[in-house]
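Fold and geometry: a report
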Amino acid sequence: MPKRIDFMRSVLLGFLGLALFLGLWHGLSASGMVSPLFLPSPVEVLERFSTLLERRFAGATLPAHLAASFERFAYGFILAAAIGIPLGLLMGWFQILDEIVSPIFDGLRFIAPIAWVPFAALWFGTGIGGPIMIIFAGAFPPCVINAYRGAKFVDPRLIEAARMLGTPNHRVITEILLPASVPSIISGLRVSAGLGWQSLVGAELIVASTGVGYLMVMGQANVSTTTVMSGMIAIGLVGLALDTALRFAERMIQRRRGLEV
Amino acid sequence: MGVIRFDNVGRVFGAKSNPFVALKEIDLEVGDKEFVAIVGPSGCGKTTCLRLVAGFDFPSSGKVLVDEQPIRRPRPERAVVFQQFALFPWKTVHDNIELGLRNQSVAKAEREERINRILELMNLTAYAKHFPHQLSGGMQQRVAIARAYVLDPDVLLMDEPFGALDAQTRVVMQEELVRLARRNPRTVLFITHAVEEAVYLADRVAIMTRAPGRIKEVLDIRSIREAEDWDSYEKIEDVMDLESFVHLRTHIWRSLREEKAAATA
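**Describing the domain arrangement of chain A**
Residue and element names in this part refer to chain A. Under the domain assignment, chain A is made up of domain 1 (1–36) and domain 2 (40–256). Placing a centre on the C-alpha atoms of domain 1 and another on those of domain 2 gives a separation of 29 Å. Listed per partner, the contact involves five residues of domain 1 and eight residues of domain 2. Carbon and sulfur atoms make up 66% of the surface buried where domain 1 meets domain 2, a total of about 490 Å² over both sides. A per-residue breakdown of the area domain 1 buries against domain 2 is headed by Trp25, His26 and Pro36, which together make up 79% of the total. Summed over the shared surface of domain 1 and domain 2, the number is zero salt bridges. Where domain 1 touches domain 2, the interface holds one residue pair in polar contact (both at pLDDT 80 or more).

Shown next as structure tokens:
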């Protein structure tokens, strides 16, 4: 029972925080101290948001823009995970690969995803390749780093046990390092999804003709701050949903192993 | 076969400027199917001895040989039972035991047969589908022993295998290990700091000194055990009451205490 009460408490406090934030926002815009163009009121934004759900703006409704964004994101994110996780595990097991890859990787990962925009435009034009590349640039490093860390910090006794059982390299990676790294990999995926989703909007601001980012650019061009804010809210909500889904997956996996969290 | 030989083995850890001599001039031979226990105070390097045979670590000087061959890497012929069990938490009991057999490319049907046999021997049949965390410490260590035994190793290396268990469980495990070892003899190198355990289980007991670890004395238990017919007693406490047992135990205690006195003096 205490667990349930704790949960209710945190939900209530969460709502309290949200209410305070909205109240402050509303008070500020209702006081007339700032022009509505500068800071639209939450009511106006909500109205605009619900209009955008059905009415087309910049070529599509808000859900359609979101769907286009999400598709790009999914490609980039899956590609990053599919390459990043195996690479990280391999680097964690084979010292030589670690030594070859690390210097390049450590240099490249400090370049903000958005900095790739000119090249994305140059190499892929306005096709789907550009945004995918930028999302990939954001989502890839956390996948590699967390898989690598997971593999490096496996209980050395488990590695010794595996070696004494005569386990070949490929099986050590798939049956020991990978499952041992799952918690680390999933927290990497959470960071990765966040960075990927953020980079996506950046990419769409420049190299796309659909998507939430594009919607926001068009909103800005039409001096419709409420549209821009609606886009922001949509991005926030989808990001929150993504993170919740990954956190849920993490908890399911931990529970299956008897590590109650 | 499975003859272990330490030939003037030394092991030094740390930087050259500040070396720590863990083992010095270790000479010891463990015969085929012989059960040898190494006892010593903590930090005396007894676990290092076992790791050298396992192939997890290598000597700084001298040689460690198994069947006259130097050890290059861990091999399933030299199976290890760890103090903290080291079971794979994401694999069931069955899958933990199966991994070594799969690595040796044993066919599925034979694998299942061997797994079933060892599960039965270790009283684990009902727990095949359980995950390690669902079992008690004693059960987990049984799985670890099964995982090593199923490979039919020449040498079994046990590093304080019962050290993490409570006293009652420990006794049960010791009795079971005696039954297993007498029925199915292997070359065993058993590391422990528990004197009774060493005397009860081993054919010979090697006493180690504190760092730098050396072998101070090797006691023959087997001849006494056979002369006094210890194995005819079912329970460990009955054996521990025998005068011959008490005598050996006291001898080892004294020997270890001298060490301790020397270290604190």
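Once you've had a look at it, read on.
**Observations regarding the side chain of arginine 111 of chain B**
Position of arginine 111 of chain B among the secondary structure elements: in helix H3 (residues 108–121). If we ignore the near neighbours within four places in the chain, the residues touching arginine 111 of chain B are Glu98, Leu101, Arg102 and Val106 of chain B.

**Topic: the interface of chain B and chain A**
The interface of chain B with chain A comprises 23 residues on the first partner and 19 residues on the second. Counting each side, the surface lost to burial between chain B and chain A is near 2,000 Å², with a carbon and sulfur contribution of 64%. It is Phe88, Trp90 and Asn103 of chain B that lose the most area in chain B upon contact with chain A, and together they represent 30% of the buried surface on that side. Linking chain B with chain A are three salt bridges.

Parameters and conventions
- Residues numbered from 1 in each chain as written.
- Chains lettered and ligands numbered in written order.
- Predicted model: local features only at pLDDT ≥ 70, side-chain atom pairs only at ≥ 80, totals over all residues.
- Heavy atoms only, no water.
- Domains from an automatic or database assignment.
- Contact = heavy atoms within 4.5 Å.
- Buried area = accessible area lost by both parts, 1.4 Å probe.
- Salt bridge = Lys/Arg side-chain N within 4 Å of Asp/Glu carboxyl O.
- Polar contact = N/O pair within 3.5 Å; in protein donor to acceptor, adjacent residues only side chain to side chain.
- Helix = DSSP H or I, 4+ residues; strand = E, 2+ residues; numbered from the N terminus.

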